[in-house]
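Commentary on secondary and tertiary structure
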Amino acid sequence: MTTAPPSPRVLPHPTRDEIRLDSVLHALSDPVRLRIVSELADAEAALSCSRFDLPVTKSTTTHHFRVLRESGVIQQVYEGTAKMNGLRREDLDALFPGLLDALLVAARRQAARDARA
């Protein structure tokens, strides 16, 4: 019996137990990725990739989303032709209590300082 290959429309994600702190911190160390996560944290629903106005090329944007997904920070699913992105807050809060909130507060404070400069 042969098994059908996985659909290219299903993206691989780490399980909760596979999410590692070093991968999460690496993913969130980039300002563009931290901006994506901040916008997702503020959103009431998943957002499509096209909703983000990022100062990088489309291929670089794709790379940033992949790093976030492979680290376990975001969940990506296809809805029709759109790739929808949602923050894996429940998983991150269960594994690393307070980490995401602390990073988001720090990022907002830094953005406010940068705006005043």
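As the structure is a computational prediction, the values presented were derived from the model and not from experiment. (Residues numbered from 1 in each chain as written. Predicted model: local features only at pLDDT ≥ 70, side-chain atom pairs only at ≥ 80, totals over all residues. Heavy atoms only, no water.)

1. Thoughts on the nonpolar core
Counting residues in each nonpolar core, the largest one holds 23 residues, and the members touching the most others are Ile36, Val37, Leu68 and Val73. Sorting elements by how many residues they give to this core places helix H2 (residues 31–42) first, with 5 residues. Once residues lying within four places of it in the same chain are set aside, the contact partners of Val73 are Val24, Ala27, Leu28, Val37, Leu68, Gly86, Leu87, Arg88 and Leu92. (Core = buried A, V, L, I, M, F, W, Y, C linked by side-chain atoms within 4.5 Å. Buried < 20%, exposed > 50% of the residue type's maximum accessible area, 1.4 Å probe, protein only. Helix = DSSP H or I, 4+ residues; strand = E, 2+ residues; numbered from the N terminus. Contact = heavy atoms within 4.5 Å.)

2. Thoughts on the pairing of strand E3 (residues 82–87)
In this sheet, E3 lies alongside strand E1 (residues 47–48) in antiparallel orientation, the contact comprising 2 bridges. Directly across from Ser48, in E3, lies its bridge partner Met84. Between strand E2 (residues 74–79) and E3, which pair antiparallel one after the other, the connecting turn spans 2 residues, and Gly80 there sits at a positive phi close to 65 degrees. (Pairing = 2+ DSSP bridges.)

3. Remarks on the environment of Val32
Relative to the helices and strands, Val32 resides in helix H2. Remark: the alpha-carbon pair of Val32 and Ala94, spanning 62 residues in sequence, is separated by 25 Å. Leave out the neighbours within four places in its chain, and Val32 touches Leu54, Val56 and His64.

4. Observations concerning the UniProt feature "domain: HTH arsR-type" (unreviewed entry) in the protein chain
The residues that UniProt annotates with the feature "domain: HTH arsR-type" (unreviewed entry) are residues 13–107. Its end C-alpha atoms 25 Å apart, residues 13–107 is made of 53% helix and 15% strand. (UniProt positions renumbered as here; feature names shortened; annotations may be inferred.)

5. Quick look at the packing of aromatic side chains
A complete count under the given rule lists 1 aromatic pair for this structure. Ring geometry for Phe52 versus Phe65: centroids 5.4 Å apart, planes at 70 degrees, classification edge-to-face. Of this pair, Phe52 sits in the loop between E1 and helix H3 (58–71) while Phe65 sits in helix H3, placing them 13 residues apart in sequence. As far as burial versus exposure is concerned, Phe52 and Phe65 are alike and both buried. (Phe/Tyr/Trp six-rings, centres within 6.5 Å; stacked < 30°, edge-to-face > 60°.)

6. Describing the environment of His64
Assignment of secondary structure puts His64 in helix H3. Owing to a relative accessible area of 6%, His64 belongs among the buried residues under this scheme. Note: C-alpha distance between His64 and Gln76 (12 residues apart in sequence) is 12 Å. Setting aside its immediate chain neighbours within four residues, His64 contacts Asp30, Val32, Arg33, Ile36 and Val56.

7. A word on the pairing of E2
In this structure, E2 lies alongside E3, joined through 6 bridges in antiparallel fashion. From the neighbouring strand, Gln75 faces E3, where its bridge partner is Gly86.

8. Points about the side chain of Asp91
Turning to its location among the elements, Asp91 is positioned in helix H4 (residues 89–95). A polar atom in the side chain of Asp91 sits 2.9 Å from the side chain of Arg88. Ignoring any residue separated from it by four or fewer positions in sequence, one finds Asp91 in contact with Arg16 and Ile19. (Polar contact = N/O pair within 3.5 Å; in protein donor to acceptor, adjacent residues only side chain to side chain.)

9. Concerning the sheet that holds E1
Taken together, 3 strands build an open sheet; the order of strands is E1-E3-E2 and the sheet is antiparallel. With one partner strand each, in any of the chains shown, E1 and E2 form the two edges of the open sheet. Sheet contacts for H2: E1, E2 and E3; angle to E3, the most-contacted strand, approximately 80 degrees. (Axes fitted to C-alpha atoms, helices over the stretch in contact; angles between N-to-C directions.)

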